[in-house]
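Spelled out, the chains give:
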Amino acid sequence: MRFNFLGLSVDFTSSEAVLLETVGRAYADWRDETRGAARIEIQLTLGEVEAGAEDIQVKGSRLTLRGDDGAGEAEAATGKAWAVVAPRLLEDPAALAARVTDTLLLFLLSRSERTPLHAAGIMLGDTAVALAGPSGSGKSTLALAAMQRGLPILSDDTLYIQLRPSLKVWGFRRPLHVFPKDAPRFTQGTRLRGGKLKAVAPLPLEAFAPVAERAVVVLLERGEILALTRLDAEATAAGLSRLEPGFDLMPQESALAARVLAAGGGWRLTLSRDPGAAIDFLRERLAAEA
């Protein structure tokens, strides 16, 4: 079964037709009917998995995944991965993706010239606004506020930067994750993310923007009064280059992506306590500067 993720062909293979059907439901929005060699191949089988806490290890070009719901490996040098999937995931496509296949897939995509950047992404016209800051700086709540105002969303946490043959900023559609106190009524339960309990807010297909060819960087800081300050390229790149765990596995690629995005300078947004007001303020100010 073929898909196109972030502009790359990906084949999922399995001898179990029912497993491929579940994969098809998990990634229905990415189906692709093109022919030819795939850039990435992921082979899946059904089987019992040893009980144990989820463990993900990256050593060089190889990722290994172990957990109650699946076990597998991905090798960046070949663009191939395999996994054994617990049969109970056949009835839960979202869990199959979140607990097994997304980990393998995104590892291989990020090593196929799609460098992950720790930032939320919202669209203003045809420009991606990369909202960057450490965990807890307000990226997800700003993305949620933007979505509620009808703005297309690339992601609430991770953007994928393609530099060749030209700049593209990709999003990977997944639910937004916000602190329960900030959650709207339409959230679907909670989950641990980065060791913190978050409420899950679905991102509808019509609210998702898959890619942008222009970008502006906005670095976030907490404060009391909304303010937007112009930054030069050096300060912008420095803010983007503060790599947290999980985003520090490809330091050279990350540094290059940060320099390219920051080449024209950027902005520092001081947030108040109202994320909706911050989005309105940002739209007005950036429109005035355009």
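Heads up: the structure comes first, above all this text.
So, how was this worked out
- Residues numbered from 1 in each chain as written.
- Predicted model: local features only at pLDDT ≥ 70, side-chain atom pairs only at ≥ 80, totals over all residues.
- Heavy atoms only, no water.
- Helix = DSSP H or I, 4+ residues; strand = E, 2+ residues; numbered from the N terminus.
- Rg over C-alpha atoms; globule rule 2.2 N^0.38 Å.
- Buried < 20%, exposed > 50% of the residue type's maximum accessible area, 1.4 Å probe, protein only.
- Contact = heavy atoms within 4.5 Å.
- Areas by Shrake-Rupley, 256 points an atom, 1.4 Å probe, with all protein chains shown as cover.
- Lys, Arg positive; Asp, Glu negative; His and termini not counted.
- Charge placed at Lys NZ, Arg CZ, Asp CG, Glu CD.
- Axes fitted to C-alpha atoms, helices over the stretch in contact; angles between N-to-C directions.
- Parallel < 35°, antiparallel > 145°, perpendicular 65-115°, else oblique.
- Nonpolar A, V, L, I, M, F, W, Y, C, P; charged D, E, K, R; others polar.
- Polar contact = N/O pair within 3.5 Å; in protein donor to acceptor, adjacent residues only side chain to side chain.
- Arc of directions from axis to C-beta.
- Pairing = 2+ DSSP bridges.
- Bend = angle between axes of the 7 residues up to and from the residue.
- Core = buried A, V, L, I, M, F, W, Y, C linked by side-chain atoms within 4.5 Å.

## Brief notes about the overall build of the chain
On a plain count of helices and strands, the chain comes out with six helices and 19 strands. For a compact globule of 290 residues, the expected C-alpha radius of gyration is about 19 Å, and the chain comes in at 19 Å, within 12% of that figure. C-alpha atoms of the chain, sized along the principal axes, occupy 55 × 40 × 35 Å. Per-residue burial over the chain gives 51% buried out of 290 residues. Expressed as a percentage of contacts within the chain between residues at least 6 apart in sequence, the contacts between residues at least 24 apart total 67%. When the accessible surface of the chain is totalled, it reaches about 14000 Å², and 50% of it is carbon and sulfur. One finds the centroid of the 34 positive side-chain charges in the chain at a distance of 3 Å from the centroid of its 36 negative side-chain charges.

## Quick word on the packing of helix H3 (residues 139–148) against helix H6 (residues 275–289)
Across the interface, H3 lies against H6 with an axial gap of 8 Å and an inter-helix angle of 70°. Here H3 is positioned roughly perpendicular relative to H6, judged by the angle of their axes. Where H3 approaches H6, its residues Thr141, Leu142, Ala145 and Ala146 are matched on the opposing element by Pro275, Gly276, Ala278 and Ile279. Grouping the amino acids of the contact of H3 with H6 by side-chain chemistry returns six nonpolar, two polar and no charged.

## Considerations on the side chain of Gln162
With respect to the element layout, Gln162 can be found in strand E11 (residues 158–162). Discounting chain neighbours no more than four positions away, the residues touching Gln162 are Glu113, Arg114, Leu167, Lys168 and Trp170.

## Looking at the side chain of Asp156
Within the element layout of this structure, Asp156 appears in the loop between strand E10 (153–155) and E11. Polar side-chain contacts of Asp156 include one of 3.0 Å to the side chain of Ser140. A polar contact is formed between the side chain of Asp156 and the backbone nitrogen of His177, at a distance of 2.8 Å.

## Quick notes on helix H5 (residues 251–261)
The complete set of buried residues in H5 reads Ser254, Ala257, Ala258 and Leu261. With its buried residues spanning 100° around the axis, H5 presents them on a single face. On its buried side, H5 packs onto strand E8 (115–124), E11, strand E12 (168–170), strand E17 (215–222) and helix H4 (233–240).

## Brief notes about the pairing of strand E6 (residues 70–75)
Of all six residues in E6, six are buried, a share of seventy percent or more. The two faces of E6 match: Gly70, Gly72 and Ala74 on one face and Ala71, Glu73 and Glu75 on the other face are all buried. Connecting strand E5 (residues 62–66) to the next strand, E6, in antiparallel fashion are three residues. As paired strands, E6 and strand E7 (residues 80–85) are joined by six bridges and run antiparallel to one another. For Glu73, the partnering residue across the bridge sits in E7 and is Trp82.

## So, the sheet that holds E6
Strand order in the open sheet formed by seven strands is E1-E2-E3-E7-E6-E5-E4, with mixed pairing between adjacent strands. A strand with exactly one partner marks an edge of an open sheet, and here the two such strands are strand E1 (2–5) and strand E4 (55–59). With direction set aside, neighbouring strand axes in the sheet form an average angle of 15°. Here five bridges tie E4 to E5, and the two strands are oriented antiparallel to one another. Within the sheet, the bridge partner assigned to Gln57 lies in E5 and is Thr64. Strands E1, strand E2 (8–13), strand E3 (40–46) and E7 of the sheet are contacted by helix H1 (residues 17–26), whose axis makes an angle of about 125° with E3. Running at roughly 170° to E7, helix H2 (residues 93–110) makes contact with E1, E2, E3, E4, E5, E6 and E7 of the sheet.

## Looking at H2
Within H2, the axis deviates most sharply at Thr101, by approximately 60°. Summarising burial for H2: 15 of the 18 residues are buried, a large majority.

## Side note on the nonpolar core
Judged by nonpolar contacts, the single largest core of 68 residues is most densely connected at Phe5, Phe12, Tyr27, Leu109, Val129, Leu131 and Phe172. Considering every element that reaches this core, the biggest residue donor is H2, with 10 residues. Sequence-distant contacts of Leu131, defined by excluding residues within four places in its chain, comprise Ala119, Ala120, Ile122, Lys139, Leu142, Val218, Leu220 and Leu282. Of all hydrophobic cores here, the second largest spans 19 residues; its members include Leu159, Ala209, Leu231 and Ala258.

## Here's the deal with the packing of H1 against H2
Orientation of H1 relative to H2, taken along the N-to-C sense of each, is 85°, at an axis distance of 8 Å. Between H1 and H2, the angle is such that the two are roughly perpendicular. Of the residues in H2, those in contact with Thr22, Val23, Arg25 and Ala26 of H1 are Pro93, Leu96 and Ala97. A breakdown of the residues in the contact of H1 with H2 according to their chemical character gives five nonpolar, one polar and one charged.

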